[in-house]
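If you want the building blocks of each chain, they are given just below.
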Amino acid sequence: MYRSHTCGELRKEHINEEVTLSGWVQKVRDKGFMVWIDLRDRYGIIQLIFDEERTPKDVLETAQQMGREFVIQVNGTVIERVSKNPNIDTGDIEILVKNITVLNKSKTPPFTIENETDGGDDLRMKYRYLDIRRNPVKNSLIFRHKVGIEVRNYLSNQDFIEIETPYLIKSTPEGARDFVVPSRMNEGQFYALPQSPQTFKQLLMVGGMDKYFQIVKCFRDEDLRADRQPEFTQIDCEMAFVEQEDILNVFEGLTRHLLKEIKGIEIKDFPRMTYDEAMRKYGNDKPDIRFGMEFGELNNVAQHKEFKVFNDAELVVGIAIPGGGSYTRKEIDKLIDWVKRPQVGALGMVYVKCNEDGSYKSSVDKFYDQEDLKAWAEATGAKPGDLICVLSGQANKTRSQLSALRMEMAERLGLRNPEEFAPLWVLDFPLLEWDEESERFHAMHHPFTSPKPEDIKLLDTEPGSVRANAYDLVLNGNEIGGGSIRIYDKDLQSLMFKHLGFTEEEAKAQFGFLMDAFQYGAPPHGGLAFGFDRLVAILGGQETIRDYIAFPKNNSGRDVMIDAPAKIDNDQLKELHIKLNIQE
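Bear in mind that the values here come from a model prediction, so they are computed numbers and not experimental data.

Caption draft 1: Inspection of the sheet that holds strand β3 (residues 44-51) at higher detail. In spatial order, the strands read β1-β2-β3-β5-β4; together these five strands close into a barrel with mixed pairing. Each strand of the sheet is rotated relative to its neighbour by a mean of 55°, with strand direction disregarded. As defined by bridge partners, strand β1 (residues 18-30) adjoins strand β4 (residues 71-80) across seven bridges and the pair is classed as antiparallel. Bridging across to β4, Val19 finds its partner in Gly76.

Caption draft 2: Broad picture of the pattern of salt bridges. What the rule picks out here adds up to 42 salt bridges. Of the charged contacts, one joins Arg272 and Glu245 as a salt bridge, the two residues approaching to 2.8 Å between their closest N and O atoms. Highlighted residues: Arg272 in strand β11 (residues 272-274) and Glu245 in helix α6 (residues 244-263), separated in sequence by 27 residues. In this structure, Asp365 engages Lys361 in a salt bridge whose closest nitrogen and oxygen atoms are separated by 3.2 Å. Among the charged side chains, a network of salt bridges with common partners joins Asp121, Arg124, Arg128, Asp131, Arg134 and Asp547.

Caption draft 3: Structural view of the environment of Ile72. One can find Ile72 in strand β4. The class for Ile72 is buried, based on a relative accessible area of 0%. When the C-alpha positions of Ile72 and Arg144 are compared, they lie 29 Å apart, and in sequence the two are 72 residues distant. Among residues more than four places away in sequence, those in contact with Ile72 are Leu21, Ser22, Gly23, Val25, Leu39, Leu48, Met66, Ile100, Thr101, Val102 and Leu103.

Caption draft 4: Broad picture of the UniProt feature "binding site: L-aspartate" (unreviewed entry) in the protein chain. Under the present numbering, the feature "binding site: L-aspartate" (unreviewed entry) in UniProt falls on Glu174, Arg220, His445 and Arg486. Locating Arg220 in the fold gives a position in the loop between β9 (211-219) and β10 (231-240). Accessibility expressed as a relative area gives 28% for Arg220, which makes it partly exposed. Every residue in contact with Arg486, bar those within four places of it in the chain, is listed here: Gln198, Lys201, Gln202, Cys237, Glu238, His446, Phe448, Ser450, His525, Gly526, Gly527 and Leu528. Engagement of the side chain of Arg486 in a polar contact is seen with the side chain of Ser484, the distance being 2.8 Å.

Rules behind the numbers
Residues numbered from 1 in each chain as written. Predicted model: local features only at pLDDT ≥ 70, side-chain atom pairs only at ≥ 80, totals over all residues. Heavy atoms only, no water. Pairing = 2+ DSSP bridges. Helix = DSSP H or I, 4+ residues; strand = E, 2+ residues; numbered from the N terminus. Axes fitted to C-alpha atoms, helices over the stretch in contact; angles between N-to-C directions. Salt bridge = Lys/Arg side-chain N within 4 Å of Asp/Glu carboxyl O. Buried < 20%, exposed > 50% of the residue type's maximum accessible area, 1.4 Å probe, protein only. Contact = heavy atoms within 4.5 Å. UniProt positions renumbered as here; feature names shortened; annotations may be inferred. Polar contact = N/O pair within 3.5 Å; in protein donor to acceptor, adjacent residues only side chain to side chain.

This is how it looks when you write it as structure tokens:
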């Protein structure tokens, strides 16, 4: 028996018990006549004590030779600790060791295995198996497990059935780039790894499964960032015989369940907002509604004077920064430099200080009087002591720029409390979006999303005005889930493919199996997929998903621990009928 107890479970009530423990050496303190070792496992840390009077000489000598991260087994007696440690659960007791066995020695680790480590990101990624021993990473992975269990419990209790779908599927031209897998047995042909189980879950509805879910790995070959990995996990769900309201109610329920069980928080309100309203008020389709700073459109009150910058703009829009009226000119100049960075792209910024006495001081006093500036304050909801920041230009671009400024100021002002949760449904997305590069419409979600029934007549005449029967669930300014009511009629699906630029032959080649299935009694259906990694990170108070994934990739899509991707042996390439044409 390697252990009778874990390192985290012993307490004062175990005093005088004989125990056997195993774990890793966290720290050694050697006074010569006495040695203390902190022993760690997944469950906690406990102090071991060895001394000349009570410990066999050979055991004390062995203890003196221990190094950090040695794997050891000890046998001894639980005794009361003289110097208590209130920072750990086992801080009232320690183990007087009688026997010690070295199960495995360890090299000195390349960084300290502590909550606060001296290892940088790259080093810790290379030795991820050591990083996982640290409490922040270990606890994040345990937290992920708990969220997964609660998801399964809730959906199972709602009569959802967990069903696995294939990982080797067919590549399709819509969406992000696929990861492709060559087939040895079918020369010149390739599988793709799924970006989503979309068509399979629709086929499960045709198959009568009624309520399906899967916590599933998905793959997208796209540029990475803090909340994106080339392989990621979805809570993928589909339901038959439902309308949008049914789906919103079920997944509001799931979100409430997770917040209550994981965070101990009761959420009452799930406000709803159309896509157009979100863009108008916040400049993006996943607004953080934990704080104000709503956009105020200023065209009507700013384009009546001789200020050409505003007069030539499609949109003039501003926000009120709480307390910003006290900023110095130097601080405001830094803010202007911030919005002019390439990542934001604004050409400049107009500002108005709202003085405590009710007067206004702006960077455009030459063109606008106090009554004008008062109208700006009313439009943006600015109060005395606030700072109004105004951007102008092409509407969509300007909204995006002001949205970036809004989020930056919320961070600076401490308005994005990670322990406060504000969910929001965003509804009525555009069905199609125009792509300048290909000069055609693309599906904003995917080609199986149903248009709003009342908008179908606009597909031929005003395709850009057609709304989708689609919805996103936003939490704290992050999209955590998205879905739609699906097309289940073959003729409507054919019409959709036509508007996306598919010929009849292309549509049949790519999606003929789904079109065929619709001829055999497809029920009305719809669904939603949560980004599981992102959801877990936000519930854990973070927006970076990396520490909630056991073995993540870096920002170049590489696993630096196992050194992947890597070259493949020529013999393997020949078997796969692949000839590389790479210039050295």
